[in-house]
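Structural features, examined
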Amino acid sequence: MKKGFYLVMAAQALSSVADNALLIAAIALIADLQGPHWMAPMMKWWFALAYVALAAFVGAFSDAYPKGRVMFITNAVKICGCLLMFNYQSFGFDHNNQLLLVFAAYTLVGVGAAAYSPAKYGIVTEMLPPELLVKGNSWIEGLTVLSVIIGTVVGGLLISPYVSDALLSHVWLSRLVQTRTEAAIFVIALVYLLAALTNLLIPRTNVQYPKQQTNPVRLLRTFTGYVKVLWSDKLGQISLAVTTLFWGAGATLQFIVIEWGARHLGYRLDQASLLMGVAALGTVGGSILAGRVPLKRALSVLPMGVLMGFAVMLMTLVHDRWAVYSVLLLIGALSGFFVVPMNAMIQHRGHVLLSAGHSIAVQNFNEQLNILLMLTFYSLLLWMRLPINAIIIIFGMLVASLMLVIMRWNKINHRENPGLENTIGQHGHGQALRRAR
């Protein structure tokens, strides 16, 4: 692994820690402003909407400049969103408009994250050869999930009575903040700043792409073509379907765990956020094990997705602390083991067929679109006042059923294309772009 790869990992970890801590702080802020239960998942909905709305443009932006610089600029956008949320009381808005401002601030962070992601993942394909992509993705995914653990734990600690009281008792900090959420958001902004400074240390890879299109209409038309390219590829469509399902399910599961912790276990928000960290810890273990799966064998992990769906339903049966932790660790381990090889596969096929930035933009578009759909479905179930255990059963059955459909789809592809496995591990990039010319 090159030295620059470790700097990418460090920058990604810091930025992800801040993203996940800010989510917990934003949920706490909504609770403090007495917003309804469905508002927290809908806030994440707007975050995901930024990915979908900007998908046609962020790939070109990522490939137009050195990716370390792109990561710095987009982290600066996240800082702006964080500071806007910090100043939610400074504009003289009433209660409802303050809630809208929190939504707008988190959406701005989503804009930064949407533009950050193609550069973050794209630079991995520039730095590493195909045979190291699964290992590199295992590191990136494991560290990202570890940062999810740290971020959710840090977010929960920052809003907990003990830590927030300690922060507010400091003379210099008490001059800047008055509430627990303001103190939390201020600390999170400092983490974003450290991530941005790390971005500046990332070396250039000297990978050159063709001059990027700037006409919005042409970018949309071209991006539509990129989406069709990946969904038409027999390997790309399977890995894209799996990662799309995983990230939609993962984002929804975050809110399910928080609601489950409150209703089923009687936990406060800061305590429930630790449960998310436990599940993420399992994902780290699964990601590390998945690093041993060669790219050629990536599709063999698909059954783990079915098992994950059934494991989610075990949540309804446990109450004891260690049983709760064991189930969450199992869910995380299964998800990490099956998503890392799939993530490497879609990045590999995207790099071979398109380019680093555009392929990741296509991946993000599909994944975030599914997050929108699944969070909308979850918010609807909350609005219908279904018991949380009923929601968990519905969610688990949905994931398991969709994974069975994808496995059947994969078998059909291999039966119709006997030489499909031979295309895994190809070198080069932009094959579909060259054919289009």
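Placed above this text is the structure.
Attention here is on the structure that accompanies the text. Just so it is clear, the model here is predicted, and its values are computed rather than measured.

1. Focus on the packing of helix α1 (residues 3-32) against helix α8 (residues 180-199)
Angle between the axes and distance between the axes: these two values describe a pair of packed helices. Contact pair α1 / α8: the axes reach a minimum separation of 9 Å and the direction vectors enclose 165°. Here α8 runs roughly antiparallel to α1, going by the angle between their axes. When you trace α1 past α8, the crossing you get is left-handed. Grouping the constituent residues of the contact of α1 with α8 by class yields 18 nonpolar, 4 polar and 3 charged.

2. Regarding the packing of aromatic side chains
Inspection of the entire model under this criterion finds 11 aromatic pairs. Taking 5.8 Å as the distance between ring centres and 20° as the angle between the ring planes, the aromatic pair formed by Phe 91 and Phe 93 counts as stacked. Three or more aromatic residues link up through ring pairs in this structure, and these residues are Phe 47, Tyr 51 and Tyr 106. Note that Lys 78 overlies the ring of Tyr 116, its terminal NZ or CZ placed 4.6 Å from the centroid.

3. Section: the pattern of salt bridges
For the coordinates displayed, the defined rule picks out 3 salt bridges. Between Asp 32 and Arg 180 there is a salt bridge, with the nearest N and O atoms lying 2.9 Å from each other. Linking Asp 32 in helix α1 with Arg 180 in helix α8, this pair joins segments that are 148 residues apart in sequence. A residue is classified by how much of its surface remains accessible, and Asp 32, at 39% relative accessible area, is partly exposed. With a closest N to O distance of 2.8 Å, Arg 263 and Glu 259 form a salt bridge. Here Arg 263 pairs with Glu 259, and both are found in helix α10 (residues 236-263), just 4 residues apart, close to one helical turn. Judged by its relative accessible area of 40%, Arg 263 falls in the partly exposed class. Take Glu 259: its relative accessible area is 11%, and that puts it in the buried class.

Thresholds applied
Throughout, residues of each chain are indexed from 1 in the direction in which the sequence is written. In view of the model being predicted, local features appear only for residues whose pLDDT reaches at least 70, and side-chain atom pairs are presented and counted only at 80 or more, with totals across whole chains, interfaces and linings using the full set of residues. Remark: hydrogens and water are excluded; side-chain values derive from all non-hydrogen atoms of the structure. A fitted line through C-alpha atoms represents every axis, and for helices the fit uses only the stretch in contact; the resulting angles, taken between N-to-C directions, go from 0 to 180 degrees. Helix numbering and strand numbering both begin at the N terminus, where a helix is a DSSP run of H or I of at least 4 residues and a strand a DSSP run of E of at least 2. An angle counts as roughly parallel when it lies under 35 degrees, as roughly antiparallel when it exceeds 145, as roughly perpendicular when it falls between 65 and 115, and as oblique in every other case. Handedness of a crossing follows from how the near helix is turned relative to the far one, being left-handed for an anticlockwise turn of less than a right angle and right-handed for a clockwise one. Three classes are used, and their members are as follows: Ala, Val, Leu, Ile, Met, Phe, Trp, Tyr, Cys and Pro are nonpolar, Asp, Glu, Lys and Arg are charged, and the others, Gly among them, are polar. Two rings from Phe, Tyr or Trp (for Trp, the six-membered ring) form a pair when their centres are within 6.5 Å of each other. A pair whose planes differ by under 30 degrees is stacked, one over 60 is edge-to-face, and the rest are tilted. For a ring to carry a charge above it, either NZ of a lysine or CZ of an arginine must fall within 6 Å of the ring centroid while also lying within 35 degrees of the normal to the ring plane. Should a side-chain nitrogen of Lys or Arg be within 4 Å of a carboxyl oxygen of Asp or Glu, the pair is scored as a salt bridge. Each residue's exposure class comes from its accessible area (1.4 Å probe, protein chains only) as a fraction of the maximum for that residue type: buried when under 20%, exposed when over 50%, partly exposed otherwise.

As far as function goes, none of this settles anything; it's purely spatial.
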